[in-house]
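Observations on the three-dimensional arrangement
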Amino acid sequence: MVVAGGGGGGGAGGGGGGGYLTGTSSVTPSQSLTATIGAAGTGATNGSGTQGGDGGNSSLGSLATAIGGGGGGSYSGTPTGRAGGSGGGAGWPGSTTGGSATAGQGDAGGNNTYSTYQPYMSGGGGGAAAVGGNASSPNSGSGGAGALNTINGSSLYWAGGGGGGVQPNSGSGGTGGNGGIGGGGGGACYTGNSPGSVGT
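Residues numbered from 1 in each chain as written. Predicted model: local features only at pLDDT ≥ 70, side-chain atom pairs only at ≥ 80, totals over all residues. Heavy atoms only, no water.

On to the packing of aromatic side chains. Tallied over the entire structure, the rule returns four aromatic pairs. Seen in terms of ring centroids, Y20 and W158 are 6.4 Å apart; in terms of plane orientation they differ by 45°. Their pairing is tilted. Residue Y20 is found in strand β2 (residues 20-22), and its partner W158 is found in strand β7 (residues 154-158); the two are separated by 138 residues along the sequence. Assessed through its relative accessible area of 11%, Y20 is described here as buried. Pairwise contacts between aromatic rings join Y75, W92 and Y120 into one cluster. (Phe/Tyr/Trp six-rings, centres within 6.5 Å; stacked < 30°, edge-to-face > 60°. Helix = DSSP H or I, 4+ residues; strand = E, 2+ residues; numbered from the N terminus. Buried < 20%, exposed > 50% of the residue type's maximum accessible area, 1.4 Å probe, protein only.)

Moving on, we come to the pattern of salt bridges. Per the stated rule, a full pass over the model turns up one salt bridge. A salt bridge links R82 to D54; the shortest N-O distance between them is 2.8 Å. Of the two residues, R82 is situated in the loop between β5 (64-66) and β6 (147-151) and D54 in the loop between β3 (35-36) and β4 (58-60); the sequence distance between them amounts to 28 residues. (Salt bridge = Lys/Arg side-chain N within 4 Å of Asp/Glu carboxyl O.)

Turning to unusual backbone geometry, a few remarks are in order. Residues other than glycine predominantly adopt negative phi, and peptide bonds predominantly adopt the trans conformation. For the bond from W92 to P93, the omega torsion is 10°, close enough to zero to count as cis. If you trace the backbone, P93 turns up in the loop between β5 and β6. Cis peptide bonds are those with omega within 30 degrees of zero, and the linkage from S137 to P138 qualifies with 5°. Positionally, P138 belongs in the loop between β5 and β6.

Right under this line is the structure:
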């Protein structure tokens, strides 16, 4: 079985991928299991100074519960990434950390050490198989990679982290972070320049 939580919503930092669990379990034919699918977290409104929302938890009866991804840190406000299955990326200003991950389910969000405008950058959300990328001037961090799993003969990546957003000014350069493979969203770009690509 595979159980994955809902992905975290982006703030300035990328949202963390949902927690990811795999395993096998024996059940009886008469046993009833309720599956709960965690919803994706809500992205923060631009300029609101709030973090992205956490993803919802997913569960399969009492057998497994995957924690939703942590929301990305805000621009100003509360820039620290939120904890989750995988942690959300750090927002701005710098000296800010990404959110922590749930043990055995994902990885931490990326950090941002830049406190001055060059441009405003952020960290990528953590993924099921890799930590989120740190901001590296002038670009925001990419989302962490999702985990590879083969189901019914098809190789699929699960629970990639979202790329961090960026706010450049005219001529400053800077791009949003790419989403981690496994469905991570690309980081938004507030003006011109290039947003990050979606992780496929």
